[in-house]
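Notes for the structure review
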Amino acid sequence: MIIAVASGKGGTGKTTIATNLALSIPQAQYIDCDVEEPNGNLFLKAEIQQKEDVGVPLPHIDSALCTYCGICAKDCEFNALAVLKDRVMVFPELCHGCGVCSYVCPEKAISEGEKIIGVVERGVVPQEGEDLVFCQGVLNVGEPMSPPLIKKAKTYAEPTRTVIMDAPPGTSCPVIQTLNGADFCLLVTEPTPFGLNDLELAVGVVRQMKIPFGVIINRSDSGDQSVVEYCQRENIPLLMEIPLNRDLAFAYSKGIPYVTENSEAKDQFGQLLVAIHKELQV
Ligand code: SF4
Ligand code: SF4
């Protein structure tokens, strides 16, 4: 089963939920799809065993064949090409690797090179009993295109495990790429009007993608009742409420997963998986 942990905005505690859940259930795998800022491993401290560069196609122009007709630049909808009198300029940061330019070039002057956009790292988090399987995508600094890297990281999801995917914040393409194929989505929010606003946007996305979902309210004893009332009104299962907790905040600030020091919390996260299974049976 694949469980995505997402939030309409950053700073809600999404990674805390994802890492603690992954550490609390048997036969789990954690995949950090928040590739622009993967920070799950600050807590999990996985032993990385394999690294693999991930690239996307990048056009290469053969100047011996090119007639500088300009067709490629005209058909590139991302403005990643500029055809001058005697050369074609490629702007790698704008190129989406769609391949249209090589397809339309009448002189067959464009071949596909490769641009490395980041790396997928894999390993394990040693644990008593069975190790937690770990995977993360790390996007190169300044690289604007994260979906291909997320897609690659997701190919390592092991079907025999409960896969916890830590999604990027927000509701844009990287989130859609992460959620695509998930069996269930946990939406993490905080009980404030801002939290509610972002939650509503995230709910719109998962509903459109037809992914079953539930809500977790972090710092539940701060803020107001607006998120709870919204969930009741919309018939959305509220699966967990986590009050502000000094011990949890302290463990977080030290990069220590809360459940490694608190067996009660580990049980609660284990129960969260049970609750998800129940939701999927309804
Ligand atoms: S379409 Fe082909 S021939 Fe025309 S400018 Fe581009 S690379 Fe050169
Ligand atoms: S591969 Fe696509 S995005 Fe990149 S330059 Fe060619 S047409 Fe533009």
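For the structure itself, look to the data block above.
Rules used in this analysis
- Residues numbered from 1 in each chain as written.
- Chains lettered and ligands numbered in written order.
- Predicted model: local features only at pLDDT ≥ 70, side-chain atom pairs only at ≥ 80, totals over all residues.
- Heavy atoms only, no water.
- Helix = DSSP H or I, 4+ residues; strand = E, 2+ residues; numbered from the N terminus.
- Buried < 20%, exposed > 50% of the residue type's maximum accessible area, 1.4 Å probe, protein only.
- Contact = heavy atoms within 4.5 Å.
- Areas by Shrake-Rupley, 256 points an atom, 1.4 Å probe, with all protein chains shown as cover.
- Lys, Arg positive; Asp, Glu negative; His and termini not counted.
- Charge placed at Lys NZ, Arg CZ, Asp CG, Glu CD.
- Near = heavy atom within 4 Å.
- Nonpolar A, V, L, I, M, F, W, Y, C, P; charged D, E, K, R; others polar.
- Salt bridge = Lys/Arg side-chain N within 4 Å of Asp/Glu carboxyl O.
- Core = buried A, V, L, I, M, F, W, Y, C linked by side-chain atoms within 4.5 Å.
- Pairing = 2+ DSSP bridges.
- Axes fitted to C-alpha atoms, helices over the stretch in contact; angles between N-to-C directions.
- Right-handed = clockwise from strand over helix to strand, strands pointing away.
- Arc of directions from axis to C-beta.

Broken down by element type, the chain carries ten helices and eleven strands. Across its three principal directions, the C-alpha atoms of the chain cover 70 × 45 × 35 Å. For the chain, the proportion of its 282 residues judged to be buried stands at 49%. A separation of at least 24 residues holds for 73% of the contacts in the chain among residues at least 6 apart in sequence. Total accessible area on the chain stands at roughly 14,100 Å², and carbon and sulfur atoms take up 51% of it. Charged side chains in the chain number 22 positive and 36 negative. The centres of these two groups are separated by 3 Å.

Here we come to the site of ligand 1. For ligand 1, the full set of nearby residues is C66, T67, Y68, C69, G70, C72, V83, C105, P106, E107 and I110. Per-class residue counts for the shell around ligand 1 are eight nonpolar, two polar and one charged.

Around ligand 2 sit P59, C76, F78, A80, L81, C95, H96, G97, C98, G99, V100 and C101, and those are all the residues in its vicinity. Of the residues contributing to the shell around ligand 2, the split by class is nine nonpolar, three polar and no charged.

A separate point is the pattern of salt bridges. All chains considered together, the criterion is met by eleven salt bridges. Taking the shortest distance from any N to any O, the salt bridge between D166 and K14 comes out at 2.8 Å. Here D166 is found in strand β8 (residues 162-166), whereas its partner K14 is found in helix α1 (residues 14-24), with 152 residues between them in sequence. Comparing D166 with K14 shows no difference in burial state: the two are buried. A salt bridge links E130 to R161; its shortest N-O distance comes to 2.8 Å. Of this pair, E130 sits in the loop between β6 (110-125) and β7 (132-139) while R161 sits in the loop between α5 (147-154) and β8, and the two are 31 residues apart along the sequence.

Quick look at the nonpolar core now. One finds L179, C185 and L187 to be the most contacted residues of the largest nonpolar core, which totals 40 residues. With six residues, the single largest contributor to this core is helix α7 (residues 193-208). For C185, the residues in contact, after removing those within four places along its chain, are A4, A6, L179, V206, I211, P212, F213 and G214. With 32 residues, the next largest nonpolar core counts V5, A18, A22 and A46 among its residues.

Moving on, we come to the sheet that holds strand β1 (residues 2-6). A sheet is described by the order of its strands in space; here nine strands give the open sequence β3-β6-β7-β2-β8-β1-β9-β10-β11, paired in mixed fashion. Taken across any chain shown, the strands that pair with only one partner, and hence form the sheet edges, are β3 (47-61) and β11 (238-242). Taken pair by pair, the neighbouring strands of this sheet meet at an average axis angle of 20°, ignoring direction. Inspection of the sheet shows β3 paired to β6 by 14 bridges, in the antiparallel sense. Directly across from I61, in β6, lies its bridge partner I110.

Here we come to the pairing of β11. Pairing geometry for strand β10 (residues 213-218) and β11, over four bridges, is parallel. Pairing of N218 across the sheet is with I242, part of β11. Since β10 and β11 lie parallel, the crossover through helix α8 (residues 226-234) that links them has a hand, and here it is right-handed.

The next thing to look at is α5. L149, I150, A153 and K154 are the residues of α5 that are buried. Along the axis of α5, the buried positions cluster into a sector of 140°, meaning they face one direction only. Against β2 (28-32), β3, β6, β7, β8 and α6 (173-179) lie the buried residues of α5.

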